[in-house]
Amino acid sequence: MNSLRKLSYSDDLVNIKNILYSYDIKFFSDVQLLGEPTPNSKNYLVTTSNSKYVLHEFLDGSSIKKIETMCKILDYCYKKNSKVLKPLKNNQKKYVSNKNFFMTYFYDGKHFEGKNIEILSIAKNLAILHKTLLNNKINYNFRLHQNYYHILKLSQLEQIFSNIEKKEKLNSFDLLYKQEINFLKSTIHSFNQNLKHFK
């Protein structure tokens, strides 16, 4: 069961109330800390007369632009039927309030028990989410001088192999690559085939 803790004024409840107002939530029956805070975030369960929400607070110094972009991607995935949290816009038509907060709906569920059917469900939903993200055009590279990974194409594998073949002296990576080239090809082929099943 999720760990819930009543908020006191030391938890800046007044500030949280003001943030809730920005999402037009003016009447609520309860606000509790959801789970234990981490160095990166806190989550608050907000209960109203007819709904439950989660107010997310970033503590890692993420910029408004980064959080706003993340919420846009979540909203994109949600609209494409991926099982992700649906972020809410505030009365300024933005996702982020007070620099580092954003709001989502709360979804009731049960704890993971490690059953095969649960593992299969996770794998299926991850594949669907991955395919959705591949089609996403919203840029989310907030790591300076770095690009996010992409799945190599078979032609790119062949090009790497060709470049290795031209080298006079092979290093340990080159030798391993030559040894595992067929495994890499079959893995990428299998990945591409499996993606076709999740539309």
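The structure this text deals with has already been given above.
Here goes a summary of the coordinates provided.

**Concerning the overall build of the chain**
Right, so step 1: Secondary structure assignment for the chain yields 5 helices and 7 strands.
Right, so step 2: In the chain, the order of α-helices and β-strands from amino to carboxyl end is β-α-β-β-β-α-β-β-β-α-α-α.
Right, so step 3: Across the 199 residues in the chain, those meeting the buried criterion constitute 30%.
Right, so step 4: Summarising the internal contacts of the chain: among those between residues at least 6 apart in sequence, 53% fall at separations of at least 24.
Right, so step 5: Taken as a whole, the chain presents about 14100 Å² of accessible surface, with 55% of it coming from carbon and sulfur.

**Focus: the nonpolar core**
Right, so step 1: Counting 25 residues, the largest nonpolar core has L20, Y23, V31, Y44, L55, F102 and M103 as its most contacted members.
Right, so step 2: Secondary-structure elements contributing two or more residues to this core are α1 (13–22), β2 (30–34), β3 (41–47), β4 (52–58), α2 (64–79) and β7 (101–105).
Right, so step 3: With 5 residues, α2 is the single largest residue contributor to this core.
Right, so step 4: Setting aside residues no more than four positions away along its own chain, M103 makes contact with L20, Y23, I25, Y53, V54, L55, H56, K86, P87, L88 and Y95.
Right, so step 5: If you look at the next biggest cluster of nonpolar residues, it comprises 5 residues, including L157, Y177, I181 and I188.

**What to know about α2**
Right, so step 1: A rise of 1.5 Å per residue sets the reference length of α2, with its 16 residues, at 22 Å; its end C-alpha atoms lie 22 Å apart and thus fit the reference within 8%.
Right, so step 2: Taken together, the buried positions of α2 are I67, E68, T69, C71, I73, L74, D75 and C77.
Right, so step 3: Here the buried face of α2 lies against β4, β5 (87–88), β6 (96–97), β7 and α3 (116–135).
Right, so step 4: Positive phi shows up at N81, right after α2, with a value of about 70°.

**Topic: the pattern of salt bridges**
Right, so step 1: Within this structure, the stated rule accounts for 7 salt bridges.
Right, so step 2: Linking K79 and D75 is a salt bridge whose minimum nitrogen-to-oxygen distance equals 3.0 Å. In this pair, K79 and D75 both sit in helix α2, 4 residues apart, roughly one turn of the helix.
Right, so step 3: On the basis of relative accessibility, which here comes to 10%, the residue D75 falls in the buried class.
Right, so step 4: Measuring nitrogen to oxygen at the nearest pair gives 2.5 Å for the salt bridge that ties E158 to K185. Of the two residues, E158 sits in helix α4 (residues 154–165) while K185 sits in helix α5 (residues 172–195), which places them 27 residues apart along the sequence.
Right, so step 5: Owing to a relative accessible area of 38%, E158 belongs among the partly exposed residues under this scheme.
Right, so step 6: In this structure K185 comes out as partly exposed when scored by relative accessible area, which is 24%.
Right, so step 7: Salt bridges sharing partners connect three or more residues here, namely D75, K79 and K86.

**Describing the pairing of β7**
Right, so step 1: For β7, the buried fraction is high: 4 of the 5 residues fall into the buried class.
Right, so step 2: Summarising the sheet, β4 and β7 pair through 5 bridges and their orientation is antiparallel. Each bridged residue has a counterpart across the sheet, and for V54 the counterpart in β7 is T104.
Right, so step 3: In textbook terms, the turn of a hairpin is the stretch between consecutive antiparallel strands, and for β6 and β7 this stretch comprises 3 residues, one of which, N98, has a positive phi near 50°.

Conventions and cut-offs
Residues numbered from 1 in each chain as written. Predicted model: local features only at pLDDT ≥ 70, side-chain atom pairs only at ≥ 80, totals over all residues. Heavy atoms only, no water. Helix = DSSP H or I, 4+ residues; strand = E, 2+ residues; numbered from the N terminus. Buried < 20%, exposed > 50% of the residue type's maximum accessible area, 1.4 Å probe, protein only. Contact = heavy atoms within 4.5 Å. Areas by Shrake-Rupley, 256 points an atom, 1.4 Å probe, with all protein chains shown as cover. Core = buried A, V, L, I, M, F, W, Y, C linked by side-chain atoms within 4.5 Å. Expected span 1.5 Å × (residues − 1). Salt bridge = Lys/Arg side-chain N within 4 Å of Asp/Glu carboxyl O. Pairing = 2+ DSSP bridges.

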